[in-house]
Amino acid sequence: ELYSFTLKEFRKALPLYLKAYNINAQLYGNAETQLHHPLLLRFYCETYGGTPTTQTMLGKIDDIRLLELFDGYCHRKFLLIQKRLGLTSSDEIYRYLEMIALMMLENHSRLLPVRDVAMQAQRKYGEKTIRSVSSRYVQILDEDILLEEKPSGPQMDLKVGFVYDEFMEYIIAKALWFKLSGEFTKIDCDKVVSVSADLLRIKERFISVRGVVIYLGEILASISKQEGLKYVDWLISNSYEDLACRLIVRWPKATLSNSVFVKLLDLHKSGRSEESR
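Residues numbered from 1 in each chain as written. Predicted model: local features only at pLDDT ≥ 70, side-chain atom pairs only at ≥ 80, totals over all residues. Heavy atoms only, no water.

Enquirer: Sorry if this is basic, but what is going on with the sheet that holds strand β4 (residues 147-152) here?
Expert: Judged by pairing direction, the sheet is antiparallel, and its three strands sit side by side in the order β3-β5-β4 without closing on themselves. With partners counted over all chains shown, the strands left at the sheet margins are β3 (111-113) and β4, one partner each. Taking the axes of each pair of neighbouring strands and ignoring which way they run, one obtains an average angle of 35° across the sheet. In terms of strand pairing, β3 meets strand β5 (residues 157-162) through three bridges, oriented antiparallel. (Pairing = 2+ DSSP bridges. Helix = DSSP H or I, 4+ residues; strand = E, 2+ residues; numbered from the N terminus. Axes fitted to C-alpha atoms, helices over the stretch in contact; angles between N-to-C directions.)

Enquirer: Could you clarify how one ought to interpret the pairing of β4 in this entry?
Expert: Looking along a regular strand, one sees the side chains alternate between the two faces of the sheet. Sheet topology note: the β4/β5 ladder contains six bridges and is antiparallel. When the bridges of β5 are listed, L147 appears paired with F162. The antiparallel pairing of β4 with β5 creates a hairpin that spans four residues between the two strands, and G153 there sits at a positive phi of about 85°.

Enquirer: What's the story with helix α6 (residues 114-125) in this structure? I'm lost.
Expert: The α-helix winds at 3.6 residues per turn, so residues separated by three or four positions along the chain end up facing the same way. Between its first and last C-alpha atoms α6 spans 16 Å; for twelve residues at 1.5 Å apiece the expected length is 16 Å, and the two agree. Inspection of α6 places V114, V117, Q120 and A121 among the buried residues, and these make up the whole buried set. The buried residues of α6 occupy one face: seen down the axis, they fall within an arc of 125°. Exposed and facing more than 90 degrees away from the buried side of α6 are R115 and R123. (Expected span 1.5 Å × (residues − 1). Buried < 20%, exposed > 50% of the residue type's maximum accessible area, 1.4 Å probe, protein only. Arc of directions from axis to C-beta.)

Enquirer: Is there a simple way to think about the side chain of E143 in this case?
Expert: Tracing the backbone through its elements, the reader meets E143 in the loop between α7 (136-141) and β4. The exposure class of E143 is buried, given its relative accessible area of 9%. Within the local environment of E143, its side chain forms a polar contact with the side chain of K77, the two groups lying 3.5 Å apart. Polar side-chain contacts of E143 include one of 3.2 Å to the side chain of R84. The residues contacting E143, other than those within four sequence positions of it, are R42, Y73, K77, I81 and R84. (Polar contact = N/O pair within 3.5 Å; in protein donor to acceptor, adjacent residues only side chain to side chain. Contact = heavy atoms within 4.5 Å.)

Enquirer: Can you help me understand the packing of helix α8 (residues 165-183) against helix α9 (residues 189-200) in this one?
Expert: Two packed helices can be described by the angle between their axes and the distance between those axes. Relative to each other, α8 and α9 sit at 135°, their axes nearing to 11 Å. Viewed along their axes, α8 and α9 adopt a mutual orientation that is oblique. In this structure, α8 crosses over α9, and the sense of that crossing is right-handed. Contacts between α8 and α9 pair L176, W177 and L180 from the former with K191, V192, V195 and L199 from the latter. Here the contact of α8 with α9 is composed, by residue class, of six nonpolar, no polar and one charged. (Parallel < 35°, antiparallel > 145°, perpendicular 65-115°, else oblique. Left-handed = near helix turned anticlockwise from the far one by under 90°. Nonpolar A, V, L, I, M, F, W, Y, C, P; charged D, E, K, R; others polar.)

So this is what it looks like as structure tokens:
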């Protein structure tokens, strides 16, 4: 498990990463704090990296929205994997990761036996073996920061998990949103609340659902500020003030406004407990 860079380590690491990925950026404020985590720094550089001949000019960056970052990473990386495997669409890589993430949600576990993933991949995608270099599994594993294998349990069975829990939560949220979009022509607060309520019922068994709920709120807020604020009100009314605060802090910039910030101020003024304050 990786700890965050110390200040001394970060001052050494950041210019090395930006140089290696040919990125020109001035990071400060919250963005600099966020990128103290090595995995997030790697995601950031993989997403916005330039080419050997063309530098990516990002300018001043003061904040990083994880939903936007992971969307960009998946668009860029999955397209490369699609081309390597000769697939018809990069969505096939999305669906594969969603298969794994939903298995984790169903089993309330961040780790899955590799043999179970292999069986599911054979049923859904006809992959006779996930160990082939032409399999989606191996190609995703080779990215280093998406999936990892490790022995676990008394029998030291080989299991697979996401390297970064935040990314797992993002993929689960995307998978649930995709399911909603297949069932309804329009997704509003009520539809997302229904899914979120089911998730929060299992929060004691699978703590990661709290992060999934925030991502669902972010996706909803990116579509409609009003529906997003209704979702915040629902969280507050069900005593999830902490999740409401986290969602507002991560609110998509496209729909960010004074009314969103006022909601955060009201939460702090009327906090019913020390934790919520």
